[in-house]
Amino acid sequence: MAEPQQLQSRLLWRIFNRRSVTVAAVLVRLLSTLSLLFLISPISESNHITSESYYNGLGYGDSDCGMSSSSSSWPKLLIRGGTVVNAHHQEVADVYVEDGIVVSVKPNIQVHDDVTVIDATGKYVMPGGIDPHTHLAMEFMGTVTVDDFFSGQAAALAGGTTMHIDFVIPVNGSLTAGFEAYKVKAKDSCMDYGLHMAITKWDESVARDMEVMVKERGINSFKFFLAYKDALMISDELFLQGLKKCKSLGALAMVHAENGDAVAEGQKRMMELGITGPEGHALSRPPELEGEATGRAIHLAGFVNTPLYVVHVMSIDALDEIAKAKRSGQRVIGEPVISGLVLDDSKLWDPDFTTASMYVMSPPLRKSGHNRALQAALTTGVLQLVGTDHCTFNSTQKALGIDDFRKIPNGVNGIEERMHLLWDSMVESGMISVTDYVRITSTECARIFNIYPRKGAILAGSDADIIVLNPNSTFELSATSHHSRSDTNVYEGRTGKGKVEVTIAGGRVVWRHGELNVVPGSGRYIEMPPFGHLFDGIDKADASYLSSLHAPVKRGKVTT
Ligand SMILES: NC(=O)NCCC(=O)O
Ligand SMILES: [Zn+2]
């Protein structure tokens, strides 16, 4: 039978999922306060939901950069008899976890009765997924995404993802104000998260703040938008300044690569043709515009000699630019997202606006064929990891663009579905191995953002972020059963093989038997240090560039 506090958290989940976060949060905080005051909150070995963790999450305990950081009693866990998979190796073994950390990975670990045992015989035990690209509680296109740091993360945990990296959007161009705002947004986190930061304007204060973010706030990546004209877009001139600054700080430059000027022209053209519906979105920003901007961004990063991370690669056009750069030895990472891998643009032509508008995202979903090419690029290593760009709006928000596709808030769901869809479409189909799956869903992200092997591995000393996947079980995706607050799901009705049966996040069992057991405030902010492995050797390449110049040429005085 469930402990009283486990019941409290299930109740919590249900309340939160009914889209009344504020009221519920106040209620639960009140409950926690009362139970502390009257000391009626027994803390048993197996009971991980404590008022203490609750309070730490609210900023009363240890904290990194003022972000939430909880520490309380963890259960001791043994995951027995599964196939433990890391990116480099797989073996049948037990995994023993204490205090939220993996203590030991080896066969036949013997434990005492106080340890919770999870039988994983015949199943895969893998590092929890890390989603490198999400937008929770984001203000965008005149509205706010429906999933916040609590509901989005709860959905992620139910789907086997145990960490995500979200994008701080500056407030009026101010990075500090943006960071502070995200501190508040993230206070109810129920799983670990990191932050990238968008750069939406350029001046001396932005350059100074980038330094503060990297040196004091745990941010090691900055995103530049070459699209969203008159909103987030920056010019090539500013992009170059940003690339230089990133390089000097050891921070990874990220780019949203679409030609924003040409997109604006394409949108005008569609409106003039009377194409005002969701299909106009895809028609106004064809793959060529993504290819052009991807190539341009790569060339500018090459000119500065700094690594580049291209977010949401959606087309063969962009893929070809990345492949070409890689062939020439340039350090470019391409991130496809799950929607681009398994969907195509056909639904944008659906006669029902609600259905069609669900699929509006940028860069847009492409014609069938692009998705297969992106999957193949993951198989061959041209693309290295998979994100979601989870950015959810419900159907009433999408209806803001009922008469004009330019006003449909851009974004689709995926944080809960990524792990299942990738397993089914790529492992189950034989395109990649199980170790590759771990690499592209978790390890590669941890390595790129410099948090490996704390994250992205099941090794002694790693955080106990672990999933148990049953390859013989099946899943079905639907808005009626998902944990996102969105009233729609772009994967509605999809079924497949391979089911995440258990999710352990930070050493706590948060998803088992189809039930979520999550606590607002238990998620930690994970600082990501600069100068990750992508920066190794950059100084040497700079030195050889300088010596290749054979300049300045020393010339004698010109005599007249
Ligand atoms: N991708 C999308 O459509 N929405 C989120 C914002 C972005 O990443 O461009
Ligand atoms: Zn995005």
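Residues numbered from 1 in each chain as written. Chains lettered and ligands numbered in written order. Predicted model: local features only at pLDDT ≥ 70, side-chain atom pairs only at ≥ 80, totals over all residues. Heavy atoms only, no water.

If you look the chain up in an unreviewed UniProt entry, it shows as dihydropyrimidinase from Stephania cephalantha. Here is the UniProt Catalytic activity (unreviewed entry) comment for the chain, exactly as written: "5,6-dihydrouracil + H2O = 3-(carbamoylamino)propanoate + H(+)". Within the UniProt record for the chain, the comment given under Subunit (unreviewed entry) is "Homotetramer." (UniProt positions renumbered as here; feature names shortened; annotations may be inferred.)

Attention shifts here to the overall build of the chain. When you go through the chain residue by residue, the secondary structure sums to 18 helices and 18 strands. Taking all 560 residues of the chain together, the buried fraction comes to 59%. Look at the contacts in the chain between residues 6 or more apart in sequence, and 76% of them connect residues 24 or more apart. (Helix = DSSP H or I, 4+ residues; strand = E, 2+ residues; numbered from the N terminus. Buried < 20%, exposed > 50% of the residue type's maximum accessible area, 1.4 Å probe, protein only. Contact = heavy atoms within 4.5 Å.)

For any two helices packed against each other, one specifies the crossing angle of their axes together with the interaxial distance. With their axes 7 Å apart at the nearest point, helix α10 (residues 287–304) and helix α11 (residues 316–327) run at an angle of 25 degrees to one another. Put simply, α10 runs roughly parallel to α11. Judged by the sense of rotation from one axis to the other, the crossing of α10 with α11 is right-handed. Here P287, E288, E290, G291, T294, G295 and I298 of α10 come into contact with α11, specifically with D317, A318, E321, I322 and A325. Looking at the contact of α10 with α11 residue by residue, the classes come out as five nonpolar, three polar and four charged. (Axes fitted to C-alpha atoms, helices over the stretch in contact; angles between N-to-C directions. Parallel < 35°, antiparallel > 145°, perpendicular 65-115°, else oblique. Left-handed = near helix turned anticlockwise from the far one by under 90°. Nonpolar A, V, L, I, M, F, W, Y, C, P; charged D, E, K, R; others polar.)

A separate point is the site of ligand 1. Around ligand 1, 13 residues are found, and the nearest of them are H135, Y228, S362, D389 and N410. A distance of 3.5 Å separates an oxygen atom of ligand 1 from a polar atom in the side chain of H312. A distance of 3.1 Å is found between a nitrogen atom of ligand 1 and a backbone nitrogen or oxygen belonging to N410. (Near = heavy atom within 4 Å. Polar contact = N/O pair within 3.5 Å; in protein donor to acceptor, adjacent residues only side chain to side chain.)

Moving on to the side chain of S339. Residue placement: S339 occurs in helix α12 (residues 338–342). With sequence-adjacent residues up to four places away left out, S339 is seen in contact with M314, M361, L365, V412 and Y491.

Let us look at the UniProt feature "domain: Amidohydrolase-related" (unreviewed entry) in the chain. This chain's UniProt record puts "domain: Amidohydrolase-related" (unreviewed entry) on residues 124–510. End C-alpha atoms of residues 124–510 are separated by 17 Å, and the span's content is 38% helix alongside 18% strand.

Our focus in this paragraph is the coordination of the zinc ion (ligand 2). Coordination sphere of the zinc ion (ligand 2), protein contribution only: H133 (NE2), H135 (NE2) and D389 (OD), at 2.0 to 2.2 Å. Around the zinc ion (ligand 2), the four donor atoms are arranged such that angles at the metal cover 86 to 142 degrees; this shape is classified as irregular. Read N to C, the donor residues that coordinate the zinc ion (ligand 2) are spaced as H-x1-H-x253-D. On the criterion of sequence distance, the pair formed by H133 in strand β6 (residues 129–134) and D389 in the loop between α14 (370–380) and α15 (395–398) is long-range, its members being 256 residues apart. (Donors = N, O, S within 2.8 Å, 3.2 Å for Na, K, Ca; no water. Tetrahedral: all angles 85-135°; square planar, octahedral: opposite > 155°, others 65-115°.)

This brings us to the environment of A323. Summarising the element assignment, A323 is placed in helix α11. Given a relative accessible area of 16%, A323 falls into the buried group. Taking the C-alpha atoms as reference points, A323 and V382, 59 residues apart in sequence, are found 6.0 Å from one another.

All right, on to helix α6 (residues 204–216) then. With 13 residues, α6 should reach 18 Å at 1.5 Å per residue; the first-to-last C-alpha distance of 18 Å fits that figure. Among all positions in α6, only V206, A207, D209, M210, M213 and V214 are buried. Viewed along the axis of α6, the buried residues span an arc of 165 degrees, placing them on a single side of the element. Of the residues in α6, the exposed ones pointing more than 90 degrees away from the buried face are E204, R208 and K215. In this structure, the buried side of α6 is in contact with α5 (175–185), β10 (192–199), β11 (221–225) and α7 (236–249). G218, located one to two residues past α6, shows a positive phi value of around 75 degrees. (Expected span 1.5 Å × (residues − 1). Arc of directions from axis to C-beta.)

Running from N to C, α6 and α7 cross one another at 30 degrees; their axes reach a closest spacing of 11 Å. Where α6 crosses over α7, the two elements pack in a sense that is right-handed. On α7, the residues that touch A207, M210, E211 and V214 of α6 are G242, K245, C246 and L249.

The next point concerns the sheet that holds strand β13 (residues 308–310). Read across the sheet, seven strands follow the order β6-β9-β10-β11-β12-β13-β14 without closing on themselves; strand pairing throughout is parallel. Edge positions in the open sheet fall to β6 and β14 (332–334), since each of these has one partner strand only. Taken over all neighbouring pairs, the strand axes of this sheet differ in orientation by 25 degrees on average, direction set aside. Here β11 pairs with strand β12 (residues 252–256) via five bridges, running parallel. Each residue of the ladder has a partner; that of S221, found in β12, is L252. The strands touched by α7 within the sheet are β11, β12 and β13, with β11 carrying the most contacts at an inclination of about 170 degrees. (Pairing = 2+ DSSP bridges.)

Looking now at the pattern of salt bridges. If the charged atoms of two oppositely charged side chains come close together, the side chains can form a pair. What the rule picks out here adds up to 29 salt bridges. Note that D463 and K455 form a salt bridge whose closest N and O atoms lie 2.8 Å from each other. The network of salt bridges with common partners includes D192, R454, K455, D463, D465 and R524. (Salt bridge = Lys/Arg side-chain N within 4 Å of Asp/Glu carboxyl O.)

Grouped together as the largest cluster of nonpolar side chains are 113 residues, with contacts concentrated most on M126, M210, F222, F239, L308 and Y437. Ranked by residue count, the leading element in this core is helix α4 (residues 149–158), at seven residues. Beyond its immediate stretch of four places on either side in the chain, F222 contacts L175, M197, I199, M210, M213, V214, C246, A251, L252, A253 and M254. In this structure, I165, Y309, L385 and I451 belong to the second largest nonpolar core, which totals 18 residues. (Core = buried A, V, L, I, M, F, W, Y, C linked by side-chain atoms within 4.5 Å.)

Turning our attention to the confidence of the model for the chain. Mean pLDDT over the chain stands at 89; residues scoring 70 or higher make up 87%. Here residues 1–64 is a poorly scored stretch, pLDDT under 50, and it has 103 contacts once near neighbours within four places are set aside; other chains count. (pLDDT = per-residue confidence, 0-100.)

With that settled, the discussion passes to the environment of D389. Overall, the relative accessible area of 7% leaves D389 in the buried class. Sequence-wise, D389 and F531 are 142 residues apart; in three dimensions their C-alpha atoms are separated by 25 Å. Once you skip the residues sitting within four places of it in the chain, D389 turns out to touch H133, H135, H312, V337, M361, S362 and V412. A polar contact is formed between the side chain of D389 and the side chain of H135, at a distance of 3.0 Å.

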